[in-house]
Amino acid sequence: MTYRNMKAYTIQKYSKKELLQLADVPVPEVKDNDVLVEIHASGLNLLDSKIKTGEFKLILPYKLPLVLGHDVAGVVAKVGKNVKKFKVGDEVYSRPADFRIGTLAEFIAIDEKDIALKPKNLTMEQAASIPLVALTVWQALIEKADLKKGQKVFIQAGSGGVGTIAIQLAKHLGATVAATASEKSFPMLKELGADVLIDYKSQDFESILKDYDVVLNSQDTKTLEKSLRILKHGGKLISISGPPTADFAKAIGAPWFVKIILSLISSGVRKKASKLGVHYSFLFMRADGAQLSQISSLIESGALKPVLDKTFPFEQTNDALAYVESGRAKGKVVVKVK
């Protein structure tokens, strides 16, 4: 079957105010290592909003117009000639690689190395909520922090998309978990496994937590600086909200001037960290189908479960993005495409 055109939500220019435009665009071409996925559901993330406003254009210089969206669950519609792992009809999910995004559409072509089979016990909407946040958490807690049984980890914004998965993975690894959230989210977070809950509206986590091994930082600079002080000597702070470092620029192969800019931007935080004898690093998660397969196993065994706040129909994608931007979502926001 050949597909020519599809509906997709695009941005024509970077803007805070402008809505995503629903447009007819060509179905992406399928390269030799690609899988064409017919999209059933697409997860939304703050990253979509940050790309839309141009906040990340230094480190992700996209060509416009651009189809947004970083999370997908759907069915394989076509495979490139070198594809070995997937066949037409397979139910899959993915966080496509940077510069290959575009899940707010009817189809997307993704390199097979960035895809995994969808967990059998999840709906398409649940599956679409998982890839970006679960890979972020996996890369932070397992790769960077090497979190071990008996260690203590502090997770900010525990009721958010990343937070709800981070609490579960940290518990699965045998850590003691502290998290900030609003008091009305406490019952849900206890159920996910949080041991210490701090109401960010009325309590100061710095006066409650000390000698932590790992902090997963997703908030502002003030919170970041306080977080450095609750770590034990040799502890690790991994930030997904910045500031990015020169190491990160090197890892993504950014031009030399970006390395210099990021080195300057992060120098204050790095100095404070080294004075305290703790390690600061910035994480910008990457697509990884092999890790996603391991995450699928944890989901199928019941160790991880998706936390969905709201599902919107495809026609209401702009409302869905506005809801993500409001910061009120508990867990993930998903768009049902099919």
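Residues numbered from 1 in each chain as written. Predicted model: local features only at pLDDT ≥ 70, side-chain atom pairs only at ≥ 80, totals over all residues. Heavy atoms only, no water.

Peer 1: Looking at this model, I keep getting lost on unusual backbone geometry. Mind explaining?
Peer 2: Keep in mind that most residues, glycine aside, have a negative phi and that most peptide bonds are trans. The linkage connecting Leu64 with the following residue, Pro65, adopts the cis geometry, with an omega of -5°. Mapped onto the fold, Pro65 is located in the loop between α1 (46-53) and β4 (66-67). Cis geometry is found at the peptide bond from Gly242 to Pro243, where omega equals 0°. Turning to its location among the elements, Pro243 is positioned in the loop between β13 (231-239) and α7 (246-251). The phi dihedral of Phe99 is positive, around 70°, even though this residue is not glycine. Summarising the element assignment, Phe99 is placed in the loop between β6 (91-94) and β7 (107-111). Positive phi, normally seen in glycine, also occurs at Asp211, with a value near 60°. Mapped onto the secondary structure, Asp211 falls in the loop between β11 (196-199) and β12 (212-217). Judged by its relative accessible area of 42%, Asp211 is partly exposed. (Helix = DSSP H or I, 4+ residues; strand = E, 2+ residues; numbered from the N terminus. Buried < 20%, exposed > 50% of the residue type's maximum accessible area, 1.4 Å probe, protein only.)

Peer 1: Help me understand the nonpolar core, please; the structure alone is not making it clear to me.
Peer 2: If you look at the biggest cluster of nonpolar residues, it comprises 107 residues, and the most contacted ones within it are Tyr93, Val153 and Ile295. Val25, Ala77, Ala105 and Phe107 belong to the second-largest nonpolar core, a separate cluster that totals ten residues. (Core = buried A, V, L, I, M, F, W, Y, C linked by side-chain atoms within 4.5 Å.)

Peer 1: What is the right way to read helix α10 (residues 317-325) from this model?
Peer 2: Residues that lie three or four places apart on an α-helix share one face, since the helix turns once every 3.6 residues. By the burial criterion, the buried members of α10 are Thr317, Asn318, Ala320, Leu321, Tyr323 and Val324. Looking at the buried positions of α10, the neighbouring elements they touch are β1 (5-11), β3 (34-44), α1, β15 (308-313) and β16 (332-336). Phi turns positive, to about 75°, at Gly327, one or two residues after α10. (Contact = heavy atoms within 4.5 Å.)

Peer 1: Even after reading the chapter, I still don't get the sheet that holds β1, so can you show me in this structure?
Peer 2: What links the strands of a sheet is backbone hydrogen bonding, and the strands pair in either a parallel or an antiparallel sense. Read from one edge to the other, the open sheet built from three strands follows the order β2-β1-β4, with strand pairing classed as antiparallel. Since the sheet does not close on itself, it has two edges, and those belong to β2 (21-26) and β4, each with one partner. (Pairing = 2+ DSSP bridges.)

Peer 1: For this particular structure, what's the right way to read a nonpolar patch on the surface?
Peer 2: A cluster of nonpolar residues, Leu58, Trp256, Phe257, Ile260, Ile261, Leu264 and Ile265, forms a patch on the protein surface that exposes about 710 Å² of accessible area. Structurally, the position occupied by Ile261 is in helix α8 (residues 256-276). (Patch = residues over 30% accessible without salt bridge, like charges linked within 9 Å, V, L, I, M, F, W, Y side chains within 5 Å. Areas by Shrake-Rupley, 256 points an atom, 1.4 Å probe, with all protein chains shown as cover. Salt bridge = Lys/Arg side-chain N within 4 Å of Asp/Glu carboxyl O.)

Peer 1: How should the side chain of Glu125 be read in this particular structure?
Peer 2: As for its placement among the helices and strands, Glu125 is situated in helix α2 (residues 124-128). Within polar-contact distance, the side chain of Glu125 engages the side chain of Lys336 at 3.2 Å. The contact partners of Glu125, leaving out residues within four places of it in the chain, are Ala41, Leu308, Thr311, Val334 and Lys336. (Polar contact = N/O pair within 3.5 Å; in protein donor to acceptor, adjacent residues only side chain to side chain.)

Peer 1: Teacher, can you tell me more about the pairing of β12 here?
Peer 2: Note on strand geometry: in a regular strand, side chains alternate between the two faces of the sheet. For β12, the buried fraction is high: six of the six residues fall into the buried class. Of the pairings in the sheet, the one linking strand β9 (residues 152-155) to β12 comprises three bridges and is parallel in character. Residue Val153 lies in a different strand from β12, and its bridge partner there is Val214. With five bridges joining them, β12 and β13 adopt parallel strand pairing. The partner of Asn217 across the bridge, within β13, is Ser239.

Peer 1: Where do I start with the environment of Gln219 in this structure?
Peer 2: If you trace the backbone, Gln219 turns up in the loop between β12 and α6 (221-229). In this structure, the C-alpha to C-alpha distance between Gln219 and Arg286, residues 67 residues apart in sequence, is 20 Å. Apart from residues no more than four positions distant in its own chain, Gln219 is found in contact with Gln156, Ala157 and Ser241.

Peer 1: What exactly am I supposed to notice about the packing of α6 against α8 here?
Peer 2: Working note: a packed helix pair is described by the angle between its axes plus the distance between those axes. Here α6 crosses α8 at 15°, and the two axes come no closer than 10 Å. Taken as axis vectors, α6 and α8 run roughly parallel relative to one another. Once α6 is placed against α8, the crossing between them reads as right-handed. On the side of α6, the interface is formed by Leu224, Glu225, Leu228 and Arg229, while α8 contributes Val269, Lys272, Ala273 and Leu276. (Axes fitted to C-alpha atoms, helices over the stretch in contact; angles between N-to-C directions. Parallel < 35°, antiparallel > 145°, perpendicular 65-115°, else oblique. Left-handed = near helix turned anticlockwise from the far one by under 90°.)

Peer 1: In this structure, what is going on with the packing of aromatic side chains? I would like to understand it.
Peer 2: Note on aromatic pairs: each is described by the distance of the centres and the angle between the planes. The tally for this structure, following the rule as stated, stands at eight aromatic pairs. Between Tyr62 and Phe99, the ring centres sit 4.8 Å apart and the planes meet at 45°, which makes this aromatic pair tilted. One end of the pair, Tyr62, is in the loop between α1 and β4; the other, Phe99, is in the loop between β6 and β7, and 37 residues separate them in sequence. A ring pair is formed by Trp256 and Phe257, whose centres lie 5.9 Å apart and whose planes are at 85°; its orientation type is edge-to-face. With relative accessibility at 38%, the residue Phe257 sits in the partly exposed group. What links up through ring pairs into an aromatic cluster is the set Phe56, Phe248, Phe282 and Phe284. Above the ring of Phe205, the side-chain terminus of Lys226 is found at 5.2 Å from the ring centroid. It is Lys310 that lies over the ring of Tyr323; its NZ or CZ is 4.5 Å from the centre. (Phe/Tyr/Trp six-rings, centres within 6.5 Å; stacked < 30°, edge-to-face > 60°. Lys NZ or Arg CZ within 6 Å of the ring centre and 35° of its normal.)

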